[in-house]
Amino acid sequence: MVNVGIVILNYVSYDVTINCVEWFKKQNSTNVKTKIIIVDNDSPNNSFNILKEKFQEEKDVKVVKTDHNLGFANGNNYGYKKLLEFMSPDFVIVSNSDAYVEKPGLYEWIEEEYDKYKFGVLGPAIFSVNGNFYQSPINNFSKNMKEIKRYKNELKIGIVKSYIKKLLKLSTQQKIDVWDNPYYKDYHMDKTLHGAFQVFSKKYFDYYDLPYDSNTFLYMEEYILRLRCEKYNLPMVYSPKYEVKHLQAVSTNRVTKTNSARMLFKRKHMLQSLNAYVKFLENNFD
């Protein structure tokens, strides 16, 4: 019997989270035992109570709530710690609430890829429904400190511009982030996995107590995860054999109503996360 734990972080968009859970429940395997932990990240609406009532009769679905908004990394870390109260997982899936596993054979895919690669972290093809492109894999973030410093300065300038636009109530239409991805059709072990859907093996947790570095709130978690795997030569595997549908930026767009507010939010947290990336880089790599 293979134990698979699933952590889903909810913020505001309980309807999307319910659909996510229902897709997981459709994945069948006689050799797999699952436990789903839904973490409501202190949503300012009635998400927790709605989710709690919806899944109260489901023995393999547990709904928990944080005391305050922990962000992406720490919210999922919280869910992983709760998961350990119910099972000793062989694999842990960390899924965005707006990522849907519509294709059958999820658990078989995980086992097959582990048998082949003994991965630390595994990622599927992730198709953005709203952006109409494949999000994973992505290029690794630079380790060059001059490039990082230049990007940090660009973020600081961008933050000032976003503040001005917000104060003057200047805004443009919100846009989905889209980037060129020529890599999604092939296997890769030298690139970064998109954070919307990641599979951690037991091997990864031999080296780390929690899935993510705790020094970020939002953004760049996958780049730091790449460094974490590189530190101990843990294979980070991108496999196009399985595909996940991703709605992309549902919770952020529901909370931040204008593009200027959204960009300010993103740039501020990107700067915080970039500092965490630099800290890990300096402490672990020459």
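Criteria and cut-off values
Residues numbered from 1 in each chain as written. Predicted model: local features only at pLDDT ≥ 70, side-chain atom pairs only at ≥ 80, totals over all residues. Heavy atoms only, no water. Patch = residues over 30% accessible without salt bridge, like charges linked within 9 Å, V, L, I, M, F, W, Y side chains within 5 Å. Areas by Shrake-Rupley, 256 points an atom, 1.4 Å probe, with all protein chains shown as cover. Salt bridge = Lys/Arg side-chain N within 4 Å of Asp/Glu carboxyl O. Helix = DSSP H or I, 4+ residues; strand = E, 2+ residues; numbered from the N terminus. Buried < 20%, exposed > 50% of the residue type's maximum accessible area, 1.4 Å probe, protein only. Phe/Tyr/Trp six-rings, centres within 6.5 Å; stacked < 30°, edge-to-face > 60°. Lys NZ or Arg CZ within 6 Å of the ring centre and 35° of its normal. Core = buried A, V, L, I, M, F, W, Y, C linked by side-chain atoms within 4.5 Å. Contact = heavy atoms within 4.5 Å. Axes fitted to C-alpha atoms, helices over the stretch in contact; angles between N-to-C directions. Parallel < 35°, antiparallel > 145°, perpendicular 65-115°, else oblique. Nonpolar A, V, L, I, M, F, W, Y, C, P; charged D, E, K, R; others polar.

Caption draft 1: Representation of a nonpolar patch on the surface. Taken together, the side chains of Val160, Ile164, Leu167 and Leu168 define a hydrophobic patch exposed on the protein surface, amounting to about 420 Å² of accessible area. For leucine 167, the location among the structural elements is in helix H5 (residues 145-167). Residue leucine 167 is classed as exposed on the basis of its relative accessible area of 71%.

Caption draft 2: The pattern of salt bridges, seen in detail. Overall, the coordinates contain 12 salt bridges when judged by the stated rule. The closest approach of N and O atoms between glutamate 113 and lysine 116, which form a salt bridge, is 3.3 Å. Residue glutamate 113 and its partner lysine 116 are both found in helix H4 (residues 106-117); the two are separated by 3 residues, about one turn of the helix. On the basis of relative accessibility, which here comes to 1%, the residue glutamate 113 falls in the buried class. Judged by its relative accessible area of 47%, lysine 116 falls in the partly exposed class. Put simply, aspartate 177 and arginine 262 hold a salt bridge, and the shortest N to O gap is 3.5 Å. Pair noted here: aspartate 177 is in the loop between H5 and strand E8 (197-201) and arginine 262 is in helix H8 (residues 259-284), with a separation of 85 residues, a long-range link.

Caption draft 3: Expanded view of the packing of aromatic side chains. Tallying each qualifying case throughout the model produces 21 aromatic pairs. Linked through ring pairs, Phe72, Tyr80, Phe200, Tyr204, Phe205, Tyr207, Tyr208, Tyr212 and Tyr232 together constitute an aromatic cluster. One cation-aromatic arrangement involves lysine 26 over tryptophan 23; the distance from NZ or CZ to the ring centre is 4.2 Å. The ring of tyrosine 183 carries the charged tip of lysine 191 above its face, separated from the ring centre by 4.0 Å.

Caption draft 4: The nonpolar core, seen in detail. Val92, Val121, Phe200, Tyr204 and Tyr277 are the most contacted members of the largest nonpolar core, which totals 45 residues. Discounting chain neighbours no more than four positions away, the residues touching valine 92 are Gly5, Val7, Tyr80, Leu83, Gln198, Val199, Phe200 and Phe205. By size, the runner-up hydrophobic cluster in this structure holds 34 residues, among which are Val32, Val101, Phe119 and Ala196.

Caption draft 5: Summary view of the packing of helix H6 (residues 221-231) against H8. In contact at an axis separation of 10 Å, H6 and H8 are set at 10° when each is read in the N-to-C sense. On the basis of the axis angle, H6 is roughly parallel to H8. Seen from H6, the contacting residues are Tyr223, Ile224, Leu227, Arg228 and Lys231; seen from H8, they are Ser273, Ala276, Tyr277, Phe280, Leu281 and Asn284. Here the residues of the contact of H6 with H8 sort into 7 nonpolar, 2 polar and 2 charged.

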